[in-house]
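# Overview (structure and organization)
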Amino acid sequence: MRHTRIAALFGVVALGLALAGMRFALAQPGLAAESAARFTSSDVRFATIDVYVDSPEPLAAWQFELREATGSMAVVGVENGESAAFAGTPHYDLDAVAQGRAERIIVADYSLGERATLPVGRTRVATVHVRLMGAQAPEFQLQLIAAGNAAGEAIDAAAVIELQEGRAE
Amino acid sequence: MKTQTIVQRIRALAAGGALAFLLVACASVDEDAVLESPAAAAAPPPEAGTAGNPAPAASNEGGELQPIHAGETRQQGAGNADEIIVTGNRIRRDDFQSTNATVTVNAEDMKNLGIVSVAEMVNQLPDNVAEQVSGPGTDSSFNPGESIANLRGLNADEGSRSLVLVDSSRALESDASGNVDQNMIPTALAGRIEPVTGGASETYAADAMNGVVNVITEEQAQRRRQQAEAPVPAAAPSQPGLGGAGSGGNAGGRAFVAGNAAFAQQVADGSNTRSPLSRVAPGEELWIISQPAADEMMAAVAEDALGPGVMIARFIPVVFPDQPAPTFYREIPLPLKHTDVNARVEGYVGTVDVTQQFENPYSEKIEAIYMFPLPEKAAVSEFVMTIGERRIRGILRGKEEAQQIYSQARAQGYQASLLTQHRPNVFEQKVANIEPGKAIDINIRYYETLAYQDGWYSFVFPTVVGPRYNPAGSPDPLHAVPQWNNRPTPDGAAVRYLTPGMTTSHDISIAVELDPGVAIEEIDSSHELETRWRNDDVVRVSLRDGATLPNKDFRLNFRVAGETIKSNLLTYVDEESGEGYFTLMLYPPAGLEALRRQPLELVFVLDCSGSMNGAPLAQAKAAILAALDRLEPNDSFQIIRFSNSSSQLGPRPVAATPENILLARNYLYGLNSEGGTEMITGIRAALGFPADAERLRFVTFLTDGFIGNEAQILDEIDRRLGSARIFSFGVGASPNRYLLERMAGIGRGAVAYLSLQDSGRMVMDAFFERISHPAMLDVEIDYGSMAVTDVFPSRLPDLFVGRPVVVTGKFTGRAGDVELEGRAGGERVAVTLDHEGNSPEHNFLPNLWARLKIAELEDRLAVDPNSAYSIAAEIRQTAINYELMSDYTSFVAVDASTITEGRTGTTVYQAVPVPEGVRYETAVER
């Protein structure tokens, strides 16, 4: 009975620990990728930032931090990735907003799927939807904090972002 | 040749909407002398297709006639059969004999004239002045394009005073002025149109001063309707479906559905132009749901477009067979199609996923706004907007910032959604830029602890917000307005209610998996359920088909095995932050049940406002009557009623003697419900007299809680409580559980619910069972080696038999034995609690703790407005830290990938039914 409950709760527990756990369970990331993008701006506009991870082996867990240095960005949504293994919605940690610093967001997700279902190579793990304000060109910085395989081991992966402003249908 | 009595005729008239009649003579008359319908009662039938100049239908020749007023009697001789006067309001009426030009037309006439709508035909009547609502400048934002009967051509802005009947029954009003849009009447079913003008029309109803238009449906349609209303044999399953143009069909034996392809004859600028109508397909209706500016409308017409706020949607009038007379129901095309609730209960913690499925039924973009309830203890922590396969997690932000982001995204054409809280149990969902035919789902997840009482756990999901009354000067009102009121309410939020006779396609599905960890012995529910047992401990229940109308709370009670509930301690330590959280379930010691209680002073406070009219008031009265039977000789009691004001049985509580109880019964029988819910007057009356040192004062409120000034109520209770205890009884199908829970919380009592299906006596017996034993008073907790902070509730309630109390807080140090001490029956009582140990399974504790902290801060905000700024900041910070909804935080999600085409979507408010048992007329602002 108790074992059944523990098993049933595992998913919930794992979700709750996703952010915290990965920081400890995974080894130091093999590669922390930083990417920056600049573009002209108007007063208020919306854009998407696709986050890609290029992994040499099946990717089971990842965590990145996206920040904007000028203070013009506000995150307005976090979308799931393109792989079925990450079809659920990624989790985020927005502590920085509450603490009054420049906007940054830590996003993470993991998959308990079979190895064969996990993405290999370049895959879009998430799309961050943002609002951009002000005349100053934003400066994005992406750091891949962690990438791991199904065994919880670190992967030597890289991450990049692609920025797109909203397009008409 | 048939004969009918005037009594029968008068009854027919009354059924057709007449308000009050006084019959002065009763006689048998020849059918030739009395016309077929109320309309014909005023004038004889002219020759078909011509404007007649008829003679009076009945004559008063033969002498002076005097009306008989109410209460008088008069013998009527058979020889005076032709002397008949019908009066209203004690004024003699002989206008039936006046001469008026009258025309009746039938379907054949309409066909010959090439007229295809009732509205167009009525416009051709000589008595009528065509009245069509244009788009701009009217107060009827939902109804530009409606066609109104206006038989004498008065200003129709405040109502044309022309009564429209369908088969002598009042047709549904379609706007704020009480007008009827004749476009609603299926043309192909119209067999004959009969107008009544002149003085006779006034006898139909107060709003028939100008005249009456009675649309008689064709006999063939009548016969088909009767067939559809007949019981459907079980052996011959019916085929649900819609009828074609001008015909009816049987929808599963539950309703007669009449489809009609001849709607949408008008456009909003008042002219019959080709462009919008060319877009309307058979079975569709032109809908105007906002007030476009005049230039925009004209530009749209010129561009052969519908223009902003003008939309095409399907329209299905339905007739339910259980109505006494056939009535056309409108199924309003609104964007919320379905609500899916999927819950899992583990132990006594529920995780609930709610999915709201929005779909745009119109021909242009919309913004959908929906006011909905969630449990008052819900810790809303996840928000996801789903568009196709794409799932966008919403971000929790400060309320103003989230609103700003949403507004900017909406204005630029992005699909976006915003979830805000108006009360701890009332939320508002906005979804912007839903394109025609497209769908957007909103997923909300929340956690809650289940209530426990007398061996039963209770899972509740509210489905509709009850209509609130807002006393004058309420700082943050929550309005209850009709569906057709499409204007924003700048001074506060508003819930739109479907007017009687209207329905929507919105339904609800609920599935709950119960896994309390011990065997489930019994299940009880407010709805019919399907159950699927996995084993003795786990069961999955779901709503049965046909129980999916969202107009009352879903309540699922389950009783667990034996003596398994006892006081215990759960803990959880966040490994990352190192913070510890605990929850204690304090259960009264078993020995209390053997002790007798002290004498009581029971004050019953009964809500007699308009929303309690009918079944809710009857339930509340039954409960008080049952309570009176349980009083003991040493007890005293008082009954206080309140609506706009308060009154009471006597100036002070009286002894529970048989004579006084009889007096109280008679007092109760005489109470009616009407007016507003000025609950503060009831509170002042109940708590405003000196305490009785000999008796423990229990104040019981019996109310639906449909008020908008909750904060003022809680403040008043906090200031006046003294040594009293408050027990609140939520009456009806969807009571305001937040208010009732908080009243009992501040009042150190408990809450109980009395649904329309419950036995008032049983609920009151359970209450007396609880108070018939001494409670454990002055409760103190010794936490041992735990250093605790931020413990909620900060004011510990008394422990009543059968009613545990949950205490939640943060701690540092080692979690070990905890001891509970208190006073019961004059003796000191101590209990040591078990510690189940720290477990990652208890990771819900931080969220639950944060939700309780926010609730406590909200209470403080109500009673300490001077500290509003700092309290609000603390609520906001707590909510953001724990990612929870609150009054100061909102979830916003924007799909920034695509800009939708066209102008900003038109706002459509999702109207909801009034809760079961609540009368629309007495509860919704007019």
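Bear in mind the structure is a predicted one, so any value in this text is a computation, not a measurement.

Here we take up the pattern of salt bridges. Opposite charge on two side chains permits them to pair, given that their charged atoms come into close proximity. Residue and element names in this part refer to chain B. Enumeration over the complete set of coordinates arrives at 44 salt bridges over all chains. Ionic pairing is found between Glu382 and Arg393, a salt bridge with its closest N-O pair at 3.3 Å. Of the two residues, Glu382 sits in strand S21 (residues 379-387) while Arg393 sits in strand S22 (residues 390-393), which places them eleven residues apart along the sequence. Both residues of the pair, Glu382 and Arg393, count as buried. Ionic pairing is found between Arg720 and Glu716, a salt bridge with its closest N-O pair at 2.5 Å. Highlighted residues: Arg720 and Glu716, both in helix H12 (residues 710-720), separated by four residues, approximately one helical turn. On the basis of relative accessible area, Arg720 is assigned to the partly exposed category, the value being 31%. Look at the salt bridges and you will find they share partners, linking Arg344, Glu346, Glu513, Asp515 and Arg534 into a network.

What follows deals with unusual backbone geometry. Residue and element names in this part refer to chain B. A cis amide bond, omega 0°, links Phe792 with the succeeding residue Pro793. Along the chain, Pro793 falls in the loop between strand S47 (786-792) and strand S48 (805-813). The backbone phi angle of Arg748 is positive, close to 55°, even though this residue is not glycine. Position of Arg748 relative to the elements: it lies in the loop between helix H13 (737-746) and strand S45 (750-754). Non-glycine residue Asp790 carries a positive phi angle of around 50°. Note that Asp790 resides in strand S47. Take Asp790: its relative accessible area is 34%, and that puts it in the partly exposed class.

Another point: the pairing of strand S34 (residues 529-533) of chain B. Residue and element names in this part refer to chain B. Note: S34 against strand S35 (residues 539-543), five bridges, orientation antiparallel. If you follow Glu530 over to S35, its bridge partner there is Ser542. Linking two consecutive strands that pair antiparallel, namely S34 and S35, is a turn of five residues.

Right, let's get into the sheet that holds strand S9 (residues 169-170) of chain B. Sheet strands pair by backbone hydrogen bonding; their relative direction is either parallel or antiparallel. Residues and elements named next belong to chain B. Read from one edge to the other, the open sheet built from five strands follows the order S5-S10-S11-S8-S9, with strand pairing classed as mixed. Two strands close off the open sheet at either side, each with one partner strand: strand S5 (105-106) and S9. Pairing between S5 and strand S10 (residues 190-196): two bridges, direction antiparallel. Counterpart to Val105 in the pairing with S10 is Ile193.

Our focus in this paragraph is the interface of chain A and chain B. On the side of chain B, 46 residues touch chain A, which itself brings 45 residues to the contact. Close ionic contact of Arg390 of chain B with Glu79 of chain A constitutes a salt bridge, the shortest N to O distance being 3.0 Å. In this structure, the connection of chain A to chain B is made through 14 residue pairs in polar contact (both at pLDDT 80 or more). For the side of chain A that touches chain B, the secondary structure elements donating two or more residues are helix H1 (2-25), strand S1 (44-55), strand S3 (73-80), strand S4 (91-93), helix H2 (95-98), strand S6 (121-133) and strand S9 (167-168) of chain A. Here the element with the most residues in the side of chain A that touches chain B is H1 of chain A; it accounts for twelve residues. For the side of chain A that touches chain B, a count of residues per class yields 26 nonpolar, nine polar and ten charged. Strand direction decides the pairing type here: S3 of chain A and S22 of chain B, joined by two bridges, are antiparallel. Its bridge partner being in S22 of chain B, Glu79 of chain A is matched across the sheet by Ile392 of chain B.

Before going further, it helps to spend a moment on the sheet that holds strand S2 (residues 61-68) of chain A. Residues and elements named next belong to chain A. Ordered in space as S4-S5-S2-S7, the four strands form an open sheet in which the pairing is antiparallel. Only two strands of the sheet have a single partner each, and these edge strands are S4 and strand S7 (140-148). Recorded for the sheet is a direction-independent mean angle of 20° between the axes of neighbouring strands. The sheet contact formed by S4 and strand S5 (residues 104-110) spans three bridges and is antiparallel. Looking across to S5, one finds that His91 is bridged to Ala108.

Definitions and cut-offs
Residues numbered from 1 in each chain as written. Chains lettered and ligands numbered in written order. Predicted model: local features only at pLDDT ≥ 70, side-chain atom pairs only at ≥ 80, totals over all residues. Heavy atoms only, no water. Salt bridge = Lys/Arg side-chain N within 4 Å of Asp/Glu carboxyl O. Helix = DSSP H or I, 4+ residues; strand = E, 2+ residues; numbered from the N terminus. Buried < 20%, exposed > 50% of the residue type's maximum accessible area, 1.4 Å probe, protein only. Pairing = 2+ DSSP bridges. Contact = heavy atoms within 4.5 Å. Polar contact = N/O pair within 3.5 Å; in protein donor to acceptor, adjacent residues only side chain to side chain. Nonpolar A, V, L, I, M, F, W, Y, C, P; charged D, E, K, R; others polar. Axes fitted to C-alpha atoms, helices over the stretch in contact; angles between N-to-C directions.

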